[in-house]
Structure formats: C-alpha cells, structure tokens
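Geometric and topological summary
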Amino acid sequence: MNKVKERIKILMAFLVVSCMVSARNPSDDKAPVFSPVETSHDFGTIGENDGYADHLFYFKNTGDAPLTITRVQASCGCTRPEWTQTPVEPGEEGVIIITYNPKGRLGNFNKSATVYTNEENGYKRHKLTITGVVVEKPSDPLATYTDTIGGVGIEKTELIYDNYYPMRANRELMYIKNYNSETAYFSWENIPEYVTVNCPDSLKADWPGEIAVIIDGTKTAEKKGRIKESFRWTVKDREGRALGSEEITATVNYIDDFNQLSALQSVNSPRLEIRNTQLLFDPVKGGFLGLGGSASKEFTLTNTGKSDLTLHSITSDDSRIHLSKLSGESIRAGESRTVKITVKAKELNAAINTDIYVVCNDPTGPVRKVKVSAQKAN
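Residues numbered from 1 in each chain as written. Predicted model: local features only at pLDDT ≥ 70, side-chain atom pairs only at ≥ 80, totals over all residues. Heavy atoms only, no water.

**A closer look at the overall build of the protein chain**
- Scanning the protein chain from N- to C-terminus turns up two helices and 27 strands.
- Expected size for 378 residues packed as a compact globule is a radius of gyration near 21 Å; at 29 Å, the protein chain overshoots this value by more than 25%.
- By its C-alpha atoms, the protein chain is 120 × 65 × 30 Å across when sized along the principal axes.
- For the protein chain, buried positions account for 42% of its 378 residues.
- Sequence-distant contacts in the protein chain: of pairs separated by 6 or more residues, those separated by 24 or more amount to 67%.
- Element-wise, carbon and sulfur atoms account for 48% of the exposed surface of the protein chain, whose accessible area totals about 20,200 Å². (Helix = DSSP H or I, 4+ residues; strand = E, 2+ residues; numbered from the N terminus. Rg over C-alpha atoms; globule rule 2.2 N^0.38 Å. Buried < 20%, exposed > 50% of the residue type's maximum accessible area, 1.4 Å probe, protein only. Contact = heavy atoms within 4.5 Å. Areas by Shrake-Rupley, 256 points an atom, 1.4 Å probe, with all protein chains shown as cover.)

In structure tokens:
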C-alpha cells in the first residue's frame, strides 16, 4: 500500500512539473545580445591641444529581445561616453561614442568604459577600450584652409552630410590652423540639443587642429527633408576680445527610419520615378535693357508604388533655382506631379551647375537628384 502511495506522489509531481513546462511562455526564453563591431580603438598620435578625440563604437542586437544600455561608466573623468538611449530592437544597430580629452595629458593612455545592459537581468558587463599617445604638438593635416576666421584658417564652413543614418551618430570633420602669433580661444553659440561640437577650447600659435560636428540621429526623428542649419563660431584672444566670428552651416537630408518597416510594409511602400533628371537650359536671354528675362523647365514625379508618396522637401542649395512649392505634399499611388523650375537672367552673372534634391519616403531611394545647368546669353 505504501509503495502505491509513493508511486502516486511521484506521478503527481511529474504531472505538476509537466504542466509548468507546458504553460511556460516561449517569450521567457528570449534575450537581448550586445554584439559590438569592435571593442578597442587606437587613436595613434594626437596633439595635446588638437581637440577632443572621439570614436564611434557601433553594436548590433543579435538577440531576440530589445536591448537597453542602462549606463556606460568611464574609467576616468578625461573620458566621456554617450550612447543610444532608446531600446535597440533585435537585428538593429546602436552606437556608443567614447570621447577623450588629451589636454594636459602628455604620453601614452589606455582608457576603458564599462557598458551595462539589460542582458542577464542586468548582470552582464562589456568593456570598450581606447588607446593612443598624446604629444605636445600635432602633425599638420593635409588640408587646404579656404577661409580665415579671426586669424584661424578653416578648411570649410559648410558641412554636407551626404549619408545620414536616422538611428546613428553622424559625424563630419573640418580642419583648422591658428595663424595668429598668440594662442586663440574658441566659443560656440546656437548649438541644437541634438548636435555635439568637439572642438579644442584653444589652439596655440601655428598649431593645427580639428573640429568634429556630430548629429545624433536618435534625437532627430521629427525632422524630415533637406535642412540647412547654422551655429556661430567665435575666435577670441587671451583677454576675451573677439577676433572674428562666422556661421558654420550643416546641411542634412533627414530621412525616415526604414529599418522599422516590416516585409509587408516594404512591399506596399511608395516608389518614386523621376522623368527628366538632366535639365540643361539654353543660354538665358535678358529682357528689355537686359533685365527681366527668365526661362523655365519641368520634371515629373510619379508614384509607381502602392501607398502615398510624401515629398518631405524639394530644394536646391543654389538660391537662384526657383522651384514649385511642393514640400510636404503627397502623391497618391499611380499619380504624378510636375515640378517647375525657373532661372532668371539677372541672377546668372555666374553659370549655374547644381542639383535639386528630392527627399521622400520611398525606402528604395529616399534622396534623389535632378541636375540643372544654366548660363546667361552673351
């Protein structure tokens, strides 16, 4: 009798465990996986006053649950981390920016940052390392300084972000060199919250340096279309007197985050077809007394997809190109719109050879170009 009771107990225990296993939610086994493209970076030789040195560590979530970076802890105050703040879905990418301040730190350096994620209930750790050597004076980059602001040569004052990634840090460089006989000091104004400018606080006489302008794609989801923005850079002397000041512009094609599209959404997405992508004007004649003459051409936008095509912007960086106001409008599937462009003879003292940019929500080609050439008749 006791043996029968014992067997019944064992059988009941087996049934309870079996029910628990069968009732278990399959999603309980899903977990995020932090997979960095690299875990270390060597900056090589950098100058003490060469400005902040930063590196972008890209990573991917190779797991099957959202990955969250809860914090990144640097090994010292000279190293500053920034990271993707939103959860990274399975198969998607994020970025961690490690910035090192070389000022006052001559010699070799080996710094690290510990990455804390939600893996294994928050107990998983990852280490990223930066190394290099700081010297007193940096090497002069092979740059042509096309402009001078307050005695400081600058490679360019217009930054063009040709490839923009919505969920990444987007970085452009410009080189500078102090041609003054004394140290120059720098300040910035009107920096948007989604822009980080890594620039030295000062630059010794005859020293080169670099400025990195980083746009955080995780903070620009509401922006769409080709947008030019500017912020002011001022060069000062030791007493704080302004030696020169100029606007630095950044032009970006802000596009949709197509990584969020499902396979079905991709199939049913809009498709843009452009006719007449090369617009060559005949020499434009002036009107009475050489004034008032103009010429126009057109190109056609057709939506060959299955859903509405949104025209985020239709613009040209050349203000002498006058365009139909279609930015923000939509084209239904199967329909077309005509864009008219006009050039004026009185504005053609120099020939036009530029592009019109069409930024839209076509995932196969969100940025399209139409080339325009025009000149004034003799």
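After that view of the structure, there is still more to cover.
**Some points on the sheet that holds strand β6 (residues 93–100)**
- A sheet is described by the order of its strands in space; here four strands give the open sequence β1-β3-β6-β5, paired in antiparallel fashion. With one partner strand each, in any of the chains shown, β1 (34–36) and β5 (79–83) form the two edges of the open sheet. Strand-to-strand twist in this sheet, taken as the mean axis angle between neighbours without regard to direction, amounts to 30°.
- Pairing of β1 with strand β3 (residues 53–61) involves three bridges; the strand directions are antiparallel. What sits directly across from F34, in β3, is N61. (Pairing = 2+ DSSP bridges. Axes fitted to C-alpha atoms, helices over the stretch in contact; angles between N-to-C directions.)

**A short note on the sheet that holds strand β15 (residues 202–203)**
- Within the open sheet, the five strands sit side by side as β11-β18-β17-β13-β15. Their pairing is mixed. Two strands bound the open sheet, and with one partner strand each, they are β11 (158–161) and β15.
- Across two bridges, the pairing between strand β13 (residues 184–189) and β15 is antiparallel. Across the sheet, the residue bridging to Y185 is S202, located in β15.

**What about the packing of aromatic side chains?**
- A complete count under the given rule lists eight aromatic pairs for this structure.
- Relative to F59, the ring of F34 has its centre 4.9 Å away and its plane inclined at 35°; by these criteria the two rings are tilted. One end of the pair, F34, is in strand β1; the other, F59, is in strand β3, with 25 residues separating them in the sequence.
- Look at F43 and F109: their rings are 6.4 Å apart centre to centre, the planes differ by 40°, and that puts the pair in the tilted class. With a gap of 66 residues between them, F43 in strand β2 (residues 40–47) and F109 in strand β7 (residues 107–117) connect regions that are remote in the sequence.
- With relative accessibility at 5%, the residue F109 sits in the buried group.
- An aromatic cluster of three or more residues is present, and its members are F186, W188, F231 and W233. (Phe/Tyr/Trp six-rings, centres within 6.5 Å; stacked < 30°, edge-to-face > 60°.)

**Points about the state of the cysteines**
- All chains considered together, the criterion is met by one disulfide.
- One disulfide in the model links C76 with C78; its S-S distance is 2.4 Å. An S-S torsion of about -45° defines the bridge between C76 and C78 as left-handed.
- The exposure class of C76 is partly exposed, given its relative accessible area of 23%.
- You can call C78 buried: its relative accessible area is 7%.
- Looking at the unpaired C199, the closest cysteine sulfur is the one in C78, lying at 19 Å. (Disulfide = S-S within 2.5 Å.)

**Remarks on the environment of L243**
- You can see L243 is positioned in strand β18 (residues 242–254).
- Distance from L243 to N198, taken between C-alpha atoms, is 21 Å for residues 45 residues apart in sequence.
- Setting aside residues up to four positions removed in sequence, L243 forms contacts with G150, N180, V235, K236 and D237.

**Digging into the pattern of salt bridges**
- Tallied over the full model, the rule gives 17 salt bridges.
- Its salt-bridge partner being R271, residue D362 comes within 3.7 Å of it at the nearest N-O pair. Taken together, the residues span a long stretch of sequence, with D362 in the loop between β26 (352–360) and β27 (367–374) and R271 in the loop between α2 (263–267) and β19 (272–275) at a distance of 91 residues.
- You can call D362 buried: its relative accessible area is 0%.
- For R271, a relative accessible area of 23% corresponds to the partly exposed category.
- The closest approach of N and O atoms between D355 and K371, which form a salt bridge, is 3.3 Å. Taken together, the residues span a long stretch of sequence, with D355 in strand β26 and K371 in strand β27 at a distance of 16 residues.
- The class for D355 is buried, based on a relative accessible area of 14%.
- One continuous salt-bridge network, built from bridges that share partners, spans K137, D140, K177 and D206. (Salt bridge = Lys/Arg side-chain N within 4 Å of Asp/Glu carboxyl O.)

**Considerations on the environment of I149**
- Looking at where I149 falls in the secondary structure, it is placed in strand β9 (residues 147–149).
- Its relative accessible area of 2% is what places I149 among the buried residues.
- In sequence terms I149 and D362 are 213 residues apart; their C-alpha atoms lie 41 Å from each other.
- Apart from residues lying up to four places away in sequence, I149 is in contact with I154, T157, W233, V235, G244, S245 and E246.

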